[in-house]
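One letter stands for each residue in the lines below.
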Amino acid sequence: MSLSGKVNELFSSQLDEWDLARENYKQLENVRTRKVSFGPFGITVQFNPGRITSSAAKVDSRSIEARPCFLCGKNRPASQRGLKFEENWTVLVNPFPIFPRHLTIVSDSHTDQRILPGFGTMLALAAELDGFVIFYNGPQCGASAPDHIHFQAGNKGFLPVENDFESKTNCNLNSQKESLNVWLWNGYMRGIVTLEGSDREGLALSFEEFYSRFLLMQPDRPEPMLNILCSYKGGKWVIHIIPRKLHRPTQFFAEEGKKIILSPASVDMGGVVITPREEDFNKITASDISDIFRQVCYSDAELSHLITNII
Ligand SMILES: [Zn+2]
């Protein structure tokens, strides 16, 4: 059976046998959302109280060292079952969903969250799970387990960026070589570079080139800060790279009243902004959202030199 088929079975059996997952996926059906328009594109705000642990997670190294790692096999709930993927990976149902189908794909070894050693796995996952968008949150860009390499996956048809890319809203072809296209988004509030192509090796080389240029801008980080959304359709991968300059915006740390608990990661970059607190869901405005993106992301002008002659 294909991995997609096995994932379908895993969902059925986990929702049958695992109370926490069943309850949380049921609650997701009642989750409140609203659309905020920015002219040619929109952002969805999702009020999702189940995500407070992740959004407010302490990810400084002292807090991380003090807690048992929740992605290590020995610490996972007894009811959580997994599927093997390749040599060293396990596919799990995420018990705190944002998507109607939300997976976490974890390495079987407790090693730091880094994209370079995992990039090939991300592409392989996208090709095998072509009903899903695979995403990566860097160790300082939303990963609540920065000490254990993992990806997440959410069903396609959920993130606005998918359609915006299909219709090329605010997205321009920057360069093209053989089967590889490089796109740069503009006027989209967050600077995004998109690699598109059917050549796995060519994509990996272009990503590595981008990574090494971006590393020069952030030499003191464990890796340059980024989120990635990757999907596969009709023989081609689409890889949205969202370079980051900040983990959390000023609103996250503001005094009550001005505070907005919003800790942006890949899903937010894809156009679904998660507010775990109801008061934030009710009060967040279009200008708060654009201000938050402006603080944590680069502008298209800042990114354009990173992709000059990249392929
Ligand atoms: Zn671990």
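The rules we used
- Residues numbered from 1 in each chain as written.
- Predicted model: local features only at pLDDT ≥ 70, side-chain atom pairs only at ≥ 80, totals over all residues.
- Heavy atoms only, no water.
- 1 Å grid on protein atoms, 1.4 Å probe; cavity = no way out; pocket = protein on both sides within 12 Å on 5 of 7 lines; lining within 4 Å.
- Points joined across faces, edges and corners; volume = space filled by probe spheres on them.
- Helix = DSSP H or I, 4+ residues; strand = E, 2+ residues; numbered from the N terminus.
- Nonpolar A, V, L, I, M, F, W, Y, C, P; charged D, E, K, R; others polar.
- Salt bridge = Lys/Arg side-chain N within 4 Å of Asp/Glu carboxyl O.
- Buried < 20%, exposed > 50% of the residue type's maximum accessible area, 1.4 Å probe, protein only.
- Pairing = 2+ DSSP bridges.
- Contact = heavy atoms within 4.5 Å.

Draft legend 1. Expanded view of the layout of surface pockets. By volume, the largest pocket amounts to about 700 Å³. Forming the boundary of the largest pocket are 33 residues, of which Arg-51, Ser-54, Phe-70, Phe-96 and Ser-144 lie nearest the centre. If you tally residues by element for the lining of the largest pocket, the top one is helix 3 (residues 52-55), at three residues. Each residue belonging to the lining of the largest pocket can be placed in one class, and the counts come to 16 nonpolar, 14 polar and three charged. Estimates place the volume of the second largest pocket at around 400 Å³.

Draft legend 2. Inspection of the pattern of salt bridges at higher detail. Overall, the coordinates contain 14 salt bridges when judged by the stated rule. With a shortest N-O distance of 2.8 Å, Arg-67 and Asp-147 are connected by a salt bridge. Of the two residues, Arg-67 sits in the loop between helix 4 (61-66) and strand 3 (82-85) while Asp-147 sits in the loop between strand 6 (132-137) and strand 7 (150-155), which places them 80 residues apart along the sequence. One salt bridge in this structure joins Glu-209 and Arg-213, with 2.8 Å as the shortest N-O distance. Placement of both Glu-209 and Arg-213 in helix 7 (residues 200-217) is noted, with a separation of four residues, approximately one turn of the helix. Several salt bridges share partner residues, and in doing so they unite Glu-256, Arg-277, Glu-279, Asp-280 and Lys-283 into one network.

Draft legend 3. Expanded view of the pairing of strand 3. A one-sided burial pattern is seen for strand 3, the buried positions being Leu-83 and Phe-85 and the unburied ones Gly-82 and Lys-84. Relative to strand 4 (residues 89-93), strand 3 is paired through four bridges, and the arrangement is antiparallel. Residue Gly-82 lies in a different strand from strand 4, and its bridge partner there is Leu-92. Between strand 3 and strand 4, which pair antiparallel in sequence order, lie three residues; one of them, Glu-86, sits at a positive phi of approximately 50°.

Draft legend 4. The arrangement of the side chain of Asn-48 in detail. Along the chain, Asn-48 turns up in the loop between strand 2 (41-47) and helix 3. For Asn-48, a relative accessible area of 5% gives the class buried. Sequence-distant contacts of Asn-48, defined by excluding residues within four places in its chain, comprise Leu-28, Val-31, Pro-97, Ile-98, Ile-274, Thr-275 and Pro-276.

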